[in-house]
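Residue-level listing of the chains:
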Amino acid sequence: MAMSVSALRETLRIAVLASGRGSNLQTLLDAQRDDACRFRTIGVFSDRAQALALERARIAGVPAIALNPADFATREVFDVALFDAIDAVRPDLVVCAGYLRVLTDAAVQRYAGRIINIHPSLLPLYPGLRTHTRVLADGASVHGASVHYLIPALDAGPVIAQVRVAVHADDTPASLAARVLEREHPLLLRCVEAIAAGRVVQDGSDVIVDSRRRSRPLLLGDDDQLHEPADT
Ligand code: GRF
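These numbers were taken from a predicted model, which means no experiment stands behind them.

**Quick word on the layout of surface pockets**
Volume-wise, the largest pocket comes out at about 920 Å³. Together, 36 residues line the largest pocket, and Gly 98, Tyr 99, Leu 100, Ile 118 and Pro 120 are the ones closest to its centre. Taken together, the elements giving at least two residues each to the lining of the largest pocket come down to helix H1 (23-31), helix H4 (105-110), strand E5 (115-119), helix H5 (131-138) and helix H6 (173-196). Looking at the lining of the largest pocket element by element, the count peaks at four residues for H6. Tallied by class, the residues present in the lining of the largest pocket amount to 18 nonpolar, twelve polar and six charged.

So, in structure tokens, the structure goes:
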């Protein structure tokens, strides 16, 4: 039986992993300024000391920690240290928001059912890097982003929700990335809110929404709310 990660506390404590700009993190930080918000970012963690995400955290008064992979002998040892630091802030949920290192299986398993990622494609299409470039090279007409639970396989865990973004004939990887990013922000926010409300949980390879096992991800609409996908 899947258990809601918010069952034990009123406010969902989240730790965010980010390697760079941190615009998705900023969306969460902005939302939690509202007293009614049911989640709190209680730590931001990075593999890059110069990541703008760390600065955004500090400005918001959130503890920010960077560990340098070069200081550790292996990926495994780095992830143990990183997740020991994450454990110390006692998060209910870990959010990977632009974290550019592939996590070790052990790290993912440590937070099984309590770790999500935002990925800039309509998974299972285009896992991995350079998604926007690959979408354009394929001549695809629709692109988007996905929020999914992590499992020990790259960009492969059960998808909670997606947002679709039209590809324009004159798009460049940069213009397409910018349009997708704009929609990533409400997508991630709605997913974290839904988890904080206890509406969304992972059960193995499935996502349960409002006590119902899902066969397809929810879709973010133009109204910035999550909806059932229309039958096709
Ligand atoms: C986003 O496109 C996210 O989907 C991907 O990396 C980018 C991070 O952007 N994983 P930001 O650091 O949140 O601005």
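**Regarding the packing of H1 against helix H2 (residues 52-59)**
Helix packing geometry: the angle between the two helix axes and the distance between the axes. Taken N-terminus to C-terminus, the directions of H1 and H2 make an angle of 10 degrees; their axes are 9 Å apart at the nearest point. Classified by the interaxial angle, the pair formed by H1 and H2 is roughly parallel. Here H1 runs over H2; the crossing is right-handed. Across from Ser 23, Leu 25, Gln 26 and Leu 29 in H1, the residues of H2 making contact are Ala 53, Arg 56 and Ala 57. Class assignment of the residues belonging to the contact of H1 with H2 gives a composition of four nonpolar, two polar and one charged.

**A word on the sheet that holds strand E9 (residues 206-209)**
With antiparallel pairing, three strands are arranged side by side in an open sheet as E8-E9-E10. At either end of the open sheet lies a strand with only one pairing partner, and these are strand E8 (200-203) and strand E10 (212-213).

**Thoughts on the site of the ligand**
The environment of the ligand is formed by Arg 21, Gly 22, Ser 23, Asn 24, Gly 98, Ile 118, Pro 120, Leu 181 and Glu 184. In the environment of the ligand, an oxygen atom lies 2.5 Å from a nitrogen or oxygen atom belonging to the side chain of Ser 23. Relative to its unbound accessible surface of 370 Å², the ligand loses 86% to contact with the protein. Placement of the ligand is best described as lying within the largest pocket. Broken down by secondary-structure element, the contributors of at least two residues to the shell around the ligand are H1 and H6. Tallied by class, residues from the shell around the ligand come to three nonpolar, four polar and two charged.

Reading the values: rules and limits
- Just so you know, the residues in each chain are numbered from 1, in the order the chain's sequence is written.
- For a predicted model such as this one, the threshold for reporting local features is a pLDDT of at least 70, and the threshold for listing and counting side-chain atom pairs is 80 or more; totals across whole chains, interfaces and linings nevertheless cover every residue.
- Processing note: side-chain calculations cover all non-hydrogen atoms of the structure and skip hydrogens and water entirely.
- The rule is simple: put a 1 Å grid over the protein atoms alone, call a set of points where a 1.4 Å probe fits but cannot get out a cavity, call an open set with protein on both sides within 12 Å along at least five of seven lines a pocket, and count a residue as lining if it has an atom within 4 Å of a point.
- Grid points are joined across faces, edges and corners, and a volume is the space filled by probe spheres set on the points.
- The helix and strand labels rest on DSSP assignments: H or I over at least four residues marks a helix, E over at least two residues marks a strand, and numbering proceeds from the N terminus.
- Gly is placed with the polar residues, together with every amino acid not listed as nonpolar (Ala, Val, Leu, Ile, Met, Phe, Trp, Tyr, Cys and Pro) or charged (Asp, Glu, Lys and Arg).
- Lines fitted to the C-alpha atoms define the axes, with helices restricted to the stretch that makes contact. Angles between their N-to-C directions range from 0 to 180 degrees.
- The cut-offs work like this: below 35 degrees is roughly parallel, past 145 is roughly antiparallel, 65 to 115 is roughly perpendicular, and the gaps in between are oblique.
- By convention, the crossing between two helices is left-handed when the near helix turns anticlockwise from the far helix through less than a right angle, and right-handed when the turn is clockwise.
- In what follows, residue pairs with any heavy atoms lying within 4.5 Å of each other are defined as contacts.
- Only when DSSP finds a minimum of two bridges between them are two strands counted as paired.
- Throughout, near means a residue has at least one heavy atom within 4 Å of the molecule or strand.
- Any pair of nitrogen or oxygen atoms within 3.5 Å is treated as a polar contact; in protein, a donor-acceptor pairing is required on top of that, and neighbouring residues in sequence qualify only through side-chain atoms on both sides.
- Surface accessibility in these figures is a Shrake-Rupley result with a 1.4 Å probe; residues are shielded only by whichever protein chains are displayed.
- Each molecule is assigned to a cavity or pocket provided more than half of its atoms lie within 2 Å of the corresponding grid points.

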